[in-house]
Amino acid sequence: MNFNAAVLTKIKKPLQLIKNLRIPQLKRDQILVRILHSAICGSQIMEIEGKRGKDKYIPHLLGHEGAGIVEKIGKEVKKVSPGDKVFLSWIKGKGLETGGIKIRNKQKIINAGPITTFNNYSIISENRCFIVPKRFPLKQSVIFGCAVPTGAGIILNEIKPKPKDSICIIGLGGVGLSVLMACKMLKLKNVLIVDIDKKKINISKKLGYKKSIILKNKNIAKSKILNFTKSKYFDYTIECSGKSESIEFAFSITRKFGGKCFFASHPEYNSNIRLKPFDLISGKNIFGSWGGSSDPQKIANIMAPFFLKNRKFLDLYFSKEYDLSNINQAIHDFKSKS
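Residues numbered from 1 in each chain as written. Predicted model: local features only at pLDDT ≥ 70, side-chain atom pairs only at ≥ 80, totals over all residues. Heavy atoms only, no water.

Caption draft 1: Just the nonpolar core, in detail. F144, M303 and F307 are the most contacted members of the largest nonpolar core, which has 50 residues in total. Discounting residues that sit within four places of it in the chain, F307 has contacts with F136, I143, F144, V148, M181, F313, L314 and Y317. (Core = buried A, V, L, I, M, F, W, Y, C linked by side-chain atoms within 4.5 Å. Buried < 20%, exposed > 50% of the residue type's maximum accessible area, 1.4 Å probe, protein only. Contact = heavy atoms within 4.5 Å.)

Shown next, in the form of structure tokens:
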């Protein structure tokens, strides 16, 4: 059986669409999935641009969130069956873990990890494959592969806020939007959204969060932000934009004596964040979140009913749809936010 895939062959170069690659034989813990939908994540763009450190696996497949239909399963796979509708995630859940695979293309070897989605068929490790919740649309289930478990997971698994807690969300991409969706589901009201994009700010207002700030000048923004809370600083700040300076800014507006700053973004490899030691000894806390500490299946089952009741919220995650053959145009548009 053959498949087509977008392959990273060189850093900072367009992906190469290679057709008629031979699918390797399934191992005991692997699943063959017909990929019908995939999303693009900022971390994948960084991988293409070489901003995540040295890449020793080139050439290799890409994509770490998607959705499709199970075609075939390995002998020891138990969580899914052929014909199941599934979403795929880079975040590990229950099930067996497999290593990467090697795909022969004439005299060359193409590498692939436990999950890839920029292809029309993929071999997936059992622990990266999850059942789409009942009545949930397959296409939209790609949000459960990365954005929702990471963003909503920070709220539901790590912060677990009280109704009166003050929260500031910086950056309203897929992860930041999912943080806000979890706040909306929990009916949290003391939430401020900060972004540099007016369109993103308008999204937050549509969700009922009228208090928001377009970040153009940090000093001006900080004075406006600190007027939002009675205590002058936030109980929780959540940074989702992927910039080191933005993480520093989030930490600066976190309250002392128990305030917590979370970030789930991917600044460039070898970049650093600078924090004032006095802020740390005065009780501020900073945490890096790995996928919102989520089991994607659990978070999908929690969030799916909320989205099904508010289907218009799903549309906020999506802009354009592309065929696999236009993957490089999709990547270009993602980077240019068009």
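Alright, that's what it looks like, and here's the rest.
Caption draft 2: Region of interest: the sheet that holds strand β3 (residues 30-38). The strand order β9-β3-β5-β6-β10 describes an open sheet built from 5 strands, whose pairing is antiparallel. Of all the strands in the sheet, just β9 (121-125) and β10 (129-131) have a single pairing partner and so form its edges. Across the sheet, the axes of successive neighbouring strands diverge by a mean angle of 45°, strand direction being ignored. In terms of strand pairing, strand β5 (residues 65-73) meets strand β6 (residues 85-89) through 5 bridges, oriented antiparallel. In the sheet register, A67 faces β6, and the bridge partner there is F87. Across the sheet, helix α8 (residues 296-309) lies against β6 and β10, angled at about 120° from β6, the strand it touches most. (Pairing = 2+ DSSP bridges. Helix = DSSP H or I, 4+ residues; strand = E, 2+ residues; numbered from the N terminus. Axes fitted to C-alpha atoms, helices over the stretch in contact; angles between N-to-C directions.)

Caption draft 3: Seen up close, the packing of helix α3 (residues 174-185) against α8. Between α3 and α8, the least distance of the axes is 11 Å, while the angle of their chain directions is 75°. The orientation of α3 with respect to α8, classified from their angle, is roughly perpendicular. Contact with α3, carried on its side by M181, A182, K184 and M185, involves I302, M303, F306 and F307 of α8 and no other residues of that element. (Parallel < 35°, antiparallel > 145°, perpendicular 65-115°, else oblique.)

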